[in-house]
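# Reading the structure
In case you want the letters, here they are:
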Amino acid sequence: MSSPAVARSSPGGSGEVAPRPQGRGRFWEVGGGSGHRLERAAAESERWELLLRRGELLALGGHLKGALEAYAAALRRGAPVRPECLGTLVDCLVFNYRLRHGLGWSAAPAAGSGGLLSCLGCRGFLSEPVTVPCGHSYCRRCLRRELRARCRLCRDRLPPAAASATDAEGTAPRPPPLAAAIAASDFRTSVVLNHLAEKWFPGQRERARAAGRLGELLHQGRYREALAAACEALRAEPRDLILKIYRAESYAGLQEFKAAIEDLNAVLFQLPDWPEVYYRKGKVLHDAGFLGDALQLFLQCLALDEDFAPAKLQVEKSEEIPEVTSEPVKGSLNRAQSAQSINSTEMPAREDCLKRVSSEPLLSVQEKGVLLKRKLSLLEQDVIVNEDGRNKLKKQGETPSEVCMFSLAYGDIPEELIDVSDFECSLCMRLFFEPVTTPCGHSFCKNCLERCLDHAPYCPLCKESLKEYLADRRYCVTQLLEELIVKYLPDELSERKKIYDEETAELSHLTKSVPIFVCTMAYPTVPCPLHVFEPRYRLMIRRSIQTGTKQFGMCVSDTQNSFADYGCMLQIRNVHFLPDGRSVVDTVGGKRFRVLKRGMKDGYCTADIEYLEDVKVENEDEIKNLRELHDLVYSQACSWFQNLRDRFRSQILQHFGSMPEREENLQATPNGPAWCWWLLAVLPVDPRYQLSVLSMKSLKERLTKIQHILTYFSRDQSK
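A brief look at the structure comes next. This one's a predicted model, so the numbers in the text were calculated from it and none came from an experiment.

### Notes on the state of the cysteines
One way to say it: the disulfide is the covalent bond shared by the sulfur atoms of two cysteines. Counted according to the given criterion, the structure contains zero disulfides. In this structure C445 is a free cysteine whose sulfur lies 3.9 Å from that of C428, the closest cysteine sulfur available. The exposure class assigned to C445 is buried, which follows from its relative accessible area of 1%. This cysteine, C448, is not joined by any disulfide, and C428 carries the nearest cysteine sulfur, 3.7 Å off.

As structure tokens, then:
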């Protein structure tokens with residue numbers, strides 16, 4: 001929706017609109033008036049900015065009439081409205097169009113309805129399948145032509161194609177955002193899915209290759225060659241609708257609009273809910289000069305698929321603004337008239353077409369119903385391919401001998417072609433479980449790939465860098481591959497899942513083969529932040545999260561037994577993954593334990609353990625004595641901490657937090673008062689001495705040990 005040109009400022013920067021008159025006196029007169037003109041221009045600019053803001057807000061609220069009025073008023077005042085700023089208005093137009101035609105939000109057909117190996121975008125044969133980051137698969141054609149902005153199923157943004165020249169849609173190339181964009185040449189074919197397509201449907205695969213060559217010819221603007229190739233291919237496979245679309249594009253490129261419309265109408269008869277065909281037909285009408293009719297078809301395309309990117313771009317750039325009345329959209333196209341005009345021997349001039357669209361009379365509701373039937377009547381006709389490759393319309397009432405999309409036969413797989421080896425992970429040599437596909441096109445079990453990336457950020461097969469893939473850490477399951485396994489290998493999948501559940505249960509046990517992080521001392525209730533970079537511990541942390549326990553043991557090293565006999569369980573509170581695979585793990589101490597048996601699993605230590613609990617005191621006199629000792633040591637600890645130098649005290653508070661409050665019930669928890677462990681963590685004591693305190697099951701003995709330490713350090717402070 002273009003806007004009138006805004007008056008230019010003068011080279012001198014004075015903001016004058018009129019040419020500067022000659023002569024000194026006249027110069028000062030004009031110069032004096034330029035200030036008023038600048039003020040008026042600023043006021044006018046502020047006014048149309050408010051109008052644009054009002055239009056955007058109204059469109060956001062679904063009030064199309066008010067939004068169009070605001071935008072029109074801003075355009076009349078010279079507002080520089082760029083097409084990319086009209087996205088909200090386009091969404092509002094599509095919403096009103098859906099309501100007007102009773103399409104609702106379920107008008108788009110179910111994705112993948114064209115067959116087993118069908119593209120989610122065009123629903124054609126999944127030729128050169130590319131698995132996008134969200135885990136869904138599209139044919140390379142859909143991604144290279146940027147037919148969709150978002151995934152049809154999960155609405156995740158699809159990677160944009162980066163073309164070096166004007167693409168086949170006639171739009172200027174747009175640079176990809178940041179480094180995450182994938183260039184057209186970098187759309188890597190999914191190796192497993194491509195192998196299955198070639199093995200199961202060799203005929204469809206060959207036809208898809210031929211269609212791909214046609215697309216390349218169109219992309220290069222070689223329309224004559226593309227037309228000849230399309231006609232020849234259609235003689236061999238007259239039911240292939242993709243070929244008809246390519247032939248229509250060839251006709252349009254040669255400005256044979258009548259033949260192009262006939263081909264597209266034939267496709268619409270077979271699939272009246274295919275968004276791309278409405279877009280193609282709109283492009284033909286737009287190139288022929290029927291701007292209003294083209295706008296209506298673009299809206300119809302968006303009504304069926306709101307994320308069809310080229311149609312939305314065309315609506316944003318459209319020079320037609322529908323008249324604003326009480327109806328949602330006025331000035332809409334008469335599709336039957338458009339077809340009749342294109343099928344006539346003479347094409348109307350572009351100016352005549354614009355005049356006809358803008359002056360279309362307003363119709364009553366009843367008249368609109370009749371008109372809508374006339375618009376849809378053309379879709380109820382079929383076509384016959386003549387020997388010369390042209391189409392002719394069949395009479396209404398005749399039914400096609402065989403209605404086919406892209407040959408729906410590719411939904412049935414002979415049993416002898418199903419081979420479990422086609423679905424095996426090349427790393428574990430077992431059936432895929434949660435298969436993921438890397439940007440380089442290779443598929444692995446999710447856990448297998450993560451273990452490889454723990455060691456190096458490269459593809460295990462082709463050694464291509466996966467640093468960005470690792471940094472993103474999405475690892476979305478390849479949906480189509482998983483669906484094929486569920487459909488054709490249910491027994492094998494059930495056995496594979498059983499093995500996985502058994503392994504997970506073994507890893508989830510919190511007394512048998514507990515993972516041990518050999519590093520530093522940890523204490524109950526005390527935070528213990530960790531920087532994890534070794535591959536074995538990256539695997540250990542990930543398993544702790546995946547199993548749901550979010551726990552592992554922490555022990556200090558021991559020269560004789562690899563790690564100490566006593567340790568503390570750590571509970572993972574949060575994990576921050578760094579782009580290179582390292583992580584910062586926020587943990588807090590839990591239960592204490594004693595090691596019964598040591599072991600090893602996948603490079604990290606494990607142990608069978610038993611948990612430690614304080615022995616409770618029952619005698620009232622013993623409880624009283626324990627309370628007195630507790631209060632004395634607590635006061636001594638507070639005094640020692642307050643007498644520390646400010647620098648040391650601030651460092652302790654920053655790392656460990658403030659000292660826990662005194663507890664009323666000393667035996668309420670299995671580990672005793674929390675402040676004891678906090679103090680033991682901050683005191684500069686030999687780890688062997690700390691380990692002896694950690695292993696104690698008597699609160700009285702622990703308080704006595706802490707008292708001895710505080711007495712020693714208090715004496716040192718007094719010196």
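### Things to note about helix α24 (residues 687-694)
Regarding α24, the residues found buried are Q690, L691, V693 and L694. Along α24, the residues classed as buried sweep out an arc of 160° about the axis, all on the same side. Sitting at the amino-terminal end of α24 is D686, which places a side-chain oxygen 2.8 Å from the backbone nitrogen of R688.

### Considering the pairing of strand β13 (residues 583-601)
When strand β8 (residues 530-532) meets β13, the two strands line up antiparallel, connected through three bridges. When the sheet's bridge partners are listed, H531 is paired in β13 with V584. With 10 bridges connecting them, strand β12 (residues 566-577) and β13 associate as antiparallel partners. Bridge pairing in β13 links Y566 to R594.

### Regarding the environment of L196
Turning to its location among the elements, L196 is positioned in helix α5 (residues 191-200). Judged by relative accessible area, L196 falls into the buried class, the value being 0%. Separated by 79 residues in sequence, L196 and L117 have C-alpha atoms that sit 9.0 Å apart. Apart from residues no more than four positions distant in its own chain, L196 is found in contact with L117, F201, D422, F423, L481 and L484.

Cut-off values and rules
Every chain is numbered independently, its residues counted from 1 as its sequence is written. With the structure being a predicted model, the display of local features is reserved for residues of pLDDT at least 70 and the display and counting of side-chain atom pairs for 80 or more, all residues being used for whole-chain, interface and lining totals. The side-chain numbers reported here are obtained from all heavy atoms of the structure, hydrogens and water having been left aside. Defined by distance alone, a disulfide is two cysteine sulfur atoms within 2.5 Å. Exposure classes here rest on a 1.4 Å probe applied to the protein chains alone. A residue is buried below 20% of its type maximum, exposed above 50%, and partly exposed in between. Secondary structure follows DSSP: runs of H or I at least 4 residues long count as helices, runs of E at least 2 residues long count as strands, and numbering of each begins at the N terminus. The arc in question is traced by the directions running from the helix axis to the C-beta atoms. Residues adjacent in sequence count toward polar contacts only when both atoms are side-chain atoms; beyond that, a polar contact is any pair of N or O atoms within 3.5 Å, and within protein one must be able to donate a hydrogen and the other to accept it. Each pair of strands is called paired provided DSSP finds at least two bridges between the two strands. Whether two residues touch is decided by their heavy atoms; if any such pair falls within 4.5 Å, the residues are in contact.

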